[in-house]
Amino acid sequence: MQTATDINRGLQRDDFPLLGRVVHGKPLAYLDSAATTQKPNAVIEAIDAFYRETNANVHRGLHRLAQEATDLYEGARADVREHLNANDTREIVFVRGTTEAINLVAQSYLRPRATSGDEVIVTEMEHHANIVPWQIVGDMIGVRLRVVPIDNDGQIDLEAFERLLNPRTRLVAVTHVSNVLGTINPVKTIIKMTRQTGAAVLVDGAQAVPHMPVDLQDLDCDFYTLSGHKTFGPTGIGVLFGKAELLNAMPPYQGGGDMIQSVTWEGTTFKDAPARFEAGTPHIAGAVGLAAALGYLRSVGYEHIAKQEQSLLAYATARLQALPGLRLIGTADHKAAVLSFVLDGVHPHDVATVLDAHGVATRAGHHCAQPLMRRFGVPATTRASLAFYNSQSDLDALITGIESAREMFQ
Ligand code: PLP
């Protein structure tokens, strides 16, 4: 295992078969990991092995394969618990991803509890997944969304947050790491501040778990979410962590098989969490792949990942800031390796199109954060988002591509 930090080559790059691809005749420089990460062999092989050797439905079968599949699925839950240092495996609910996790909390936690005039606090940097579910429920019962402002570097104004907290605050929902700005938010402080009120805290961890260790017992939030596909695992699987006493007091989000204690024509009783929130056949291979991804991350080591990504971030920031007419959006002191920018006189989509011709995969648009775009007065940005497998040459290709976009359009 290659562990020394070396930004000339990506950390463990050879573990990711797709990174060897050639795109438009150029070596692929994959700088879109905030949208989705590439998958290591360990994940691809775990999913392949599941379908080749074990595939069966879980929980209900008495035959050998069904038992093995159940062991793998429940073993994955135990792995997730361990990875996040949650208290209990019953606090780990498998869902499709962060979007479903937040919708579940909006429908099953907020909706039954909130009354008209209650408030949900979010920040200006939230992804639509952490805005729209609260608005949908809020519109049904008259819950107001309050928004914590951020400064020009993209950092939360904690004093403004303190002023927004009040006895009508039902829930605080904040992203751990911004998908646009890269800002790493002081979620532990936010959780502590919220504890002074009776409100619950949900942390959107979609962009955190791929880059940093998360200790849920230390954080002490009520809900935490992650998306498998952003964490080097498969699409269609994610996690909602919820404190057991909260989950067991929440009504199910969906009904169906595997989540009931008993069904009669008169009514149904439900199992405790997590089963009450996992109606129907789950994404078994997805859970197996996610567990493989988390195990792989631990084997690479978060300290090596952080070193590599921070070195790449420093290099990319310096190179981008040296380009005339380029404005970086998101310059927090404490940030993950995400670089959003606009280039004078060139539309972000044109930048991304030229970059693609150079084999550089970035993303242009509002990044599902339209209010944040408005906050910075831009319709869109081009975003390069990194992972530990990136190298200095990926970033050099990015700079070359931006220079050529400028020559073409300015
Ligand atoms: N939250 C953040 C911060 C994100 O970056 C994303 C995806 O980009 C989401 C939530 C939604 O995640 P998913 O599409 O995996 O449900």
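What you see is a predicted model; the values in this text were computed from it and never measured. (Residues numbered from 1 in each chain as written. Predicted model: local features only at pLDDT ≥ 70, side-chain atom pairs only at ≥ 80, totals over all residues. Heavy atoms only, no water.)

(A) Inspection of the overall build of the protein at higher detail. For the protein, the helix and strand inventory stands at 13 helices and 17 strands. Relative to its length of 410 residues, the protein is compact, with a C-alpha radius of gyration of 22 Å against a globular reference of 22 Å. For the protein, the spread of C-alpha atoms along the principal axes amounts to about 70 × 55 × 35 Å. Looking at the protein as a whole, 55% of its 410 residues are labelled buried. Counted over contacts in the protein with a minimum sequence separation of 6, partners at least 24 positions apart contribute 72%. Charge centroids of the protein, computed over 36 positive and 45 negative side chains, lie 3 Å from each other. (Helix = DSSP H or I, 4+ residues; strand = E, 2+ residues; numbered from the N terminus. Rg over C-alpha atoms; globule rule 2.2 N^0.38 Å. Buried < 20%, exposed > 50% of the residue type's maximum accessible area, 1.4 Å probe, protein only. Contact = heavy atoms within 4.5 Å. Lys, Arg positive; Asp, Glu negative; His and termini not counted. Charge placed at Lys NZ, Arg CZ, Asp CG, Glu CD.)

(B) Geometry of the site of the ligand. As a structural note, the neighbourhood of the ligand is formed by Thr 98, Thr 99, His 127, Ala 129, Thr 175, Asn 179, Asp 204, Ala 206, Gln 207, Ser 227, His 229 and Lys 230. One nitrogen or oxygen atom from the side chain of Ser 227 is found 2.7 Å from an oxygen atom belonging to the ligand. Interatomic distance of 2.8 Å between a side-chain N/O atom of His 229 and an oxygen atom of the ligand. Bound to the protein, the ligand loses 85% of the 390 Å² it would expose on its own. When its residues are assigned to classes, the shell around the ligand shows two nonpolar, eight polar and two charged. (Near = heavy atom within 4 Å. Polar contact = N/O pair within 3.5 Å; in protein donor to acceptor, adjacent residues only side chain to side chain. Areas by Shrake-Rupley, 256 points an atom, 1.4 Å probe, with all protein chains shown as cover. Nonpolar A, V, L, I, M, F, W, Y, C, P; charged D, E, K, R; others polar.)

(C) Representation of the side chain of Asp 204. Within the fold, Asp 204 resides in strand β8 (residues 200-204). Buried and without a salt bridge, Asp 204 has Lys 230 as its closest oppositely charged side chain, separated by 8.6 Å. Look past the residues within four positions of Asp 204 in its chain and what remains in contact with it is Thr 98, Ile 102, Asn 130, Val 174, Thr 175, His 176, Val 177 and Thr 225. (Salt bridge = Lys/Arg side-chain N within 4 Å of Asp/Glu carboxyl O.)

(D) Spatial organisation of the packing of aromatic side chains. Under the defined criterion, the tally for this structure stands at eleven aromatic pairs. Taken together, a centroid distance of 5.7 Å and an interplanar angle of 55 degrees make the contact between Phe 388 and Tyr 389 tilted. By relative accessible area, which is 0% here, Phe 388 ends up buried. A residue is classified by how much of its surface remains accessible, and Tyr 389, at 0% relative accessible area, is buried. Each member of the aromatic cluster is reached from another via a ring pair, and the members are Phe 16, Phe 232, Tyr 296, Phe 388 and Tyr 389. (Phe/Tyr/Trp six-rings, centres within 6.5 Å; stacked < 30°, edge-to-face > 60°.)

(E) Local environment of the nonpolar core. Grouped together as the largest cluster of nonpolar side chains are 79 residues, with contacts concentrated most on Phe 94, Leu 216, Tyr 224 and Phe 388. No other element matches helix α9 (residues 284-300), which puts twelve residues into this core. Shared between two domains, this core takes at least three residues from each, and those domains are domain 1 (4-30 + 301-409) and domain 2 (44-298). Grouped together as the second largest cluster of nonpolar side chains are 26 residues, Val 120, Leu 171, Leu 246 and Ala 273 included. (Core = buried A, V, L, I, M, F, W, Y, C linked by side-chain atoms within 4.5 Å. Domains from an automatic or database assignment.)

(F) Layout of a negative patch on the surface. On the surface, Asp 151, Asp 153, Asp 157, Glu 159, Glu 162 and Asp 333 cluster together into a negatively charged patch. Look at Glu 162 and you get exposed, because its relative accessible area is 52%. (Patch = residues over 30% accessible without salt bridge, like charges linked within 9 Å, V, L, I, M, F, W, Y side chains within 5 Å.)

(G) The side chain of Glu 119, seen in detail. By secondary structure assignment, the location of Glu 119 is in strand β5 (residues 119-123). For Glu 119, a relative accessible area of 6% puts it in the buried group. Within polar-contact distance, the side chain of Glu 119 engages the side chain of Arg 146 at 3.2 Å. Those residues in contact with Glu 119, other than ones at most four positions away along the chain, are Val 143, Arg 144, Arg 146, Leu 164, Asn 166, Arg 168, Thr 169, Arg 170 and Leu 171.

(H) Layout of the sheet that holds strand β10 (residues 238-242). Here we have seven strands laid out as an open sheet, ordered β4-β10-β9-β8-β7-β5-β6, and mixed in their pairing. Single-partner strands in this sheet number two, and they are β4 (92-95) and β6 (144-148). Neighbour-to-neighbour, the strand axes of this sheet turn through a mean angle of 20 degrees, independent of strand direction. Bridge count for β8 against strand β9 (residues 223-227) is three bridges, and the pairing is parallel. (Pairing = 2+ DSSP bridges. Axes fitted to C-alpha atoms, helices over the stretch in contact; angles between N-to-C directions.)

(I) Up close: the sheet that holds strand β14 (residues 338-343). Read across the sheet, four strands follow the order β13-β14-β17-β16 without closing on themselves; strand pairing throughout is antiparallel. Two strands lie at the open edges of the sheet, namely β13 (326-329) and β16 (363-365), each paired on one side alone. Taking the axes of each pair of neighbouring strands and ignoring which way they run, one obtains an average angle of 30 degrees across the sheet. As paired elements, β13 and β14 share four bridges and run antiparallel to each other. Pairing of Ile 329 across the sheet is with Ser 340, part of β14. Against the sheet, helix α10 (residues 302-321) makes contact with β13 and β14, and its axis sits at roughly 10 degrees relative to β14, the strand it touches most.

(J) Molecular detail of the environment of Leu 320. With respect to the helices and strands, Leu 320 occurs in helix α10. Residue class for Leu 320 comes out buried when judged on its relative accessible area of 0%. For the pair Leu 320 and Ile 402, spaced 82 residues apart in the sequence, the C-alpha separation amounts to 9.2 Å. With sequence-adjacent residues up to four places away left out, Leu 320 is seen in contact with Leu 326, Leu 328, Leu 339, Leu 398, Ile 399 and Ile 402.

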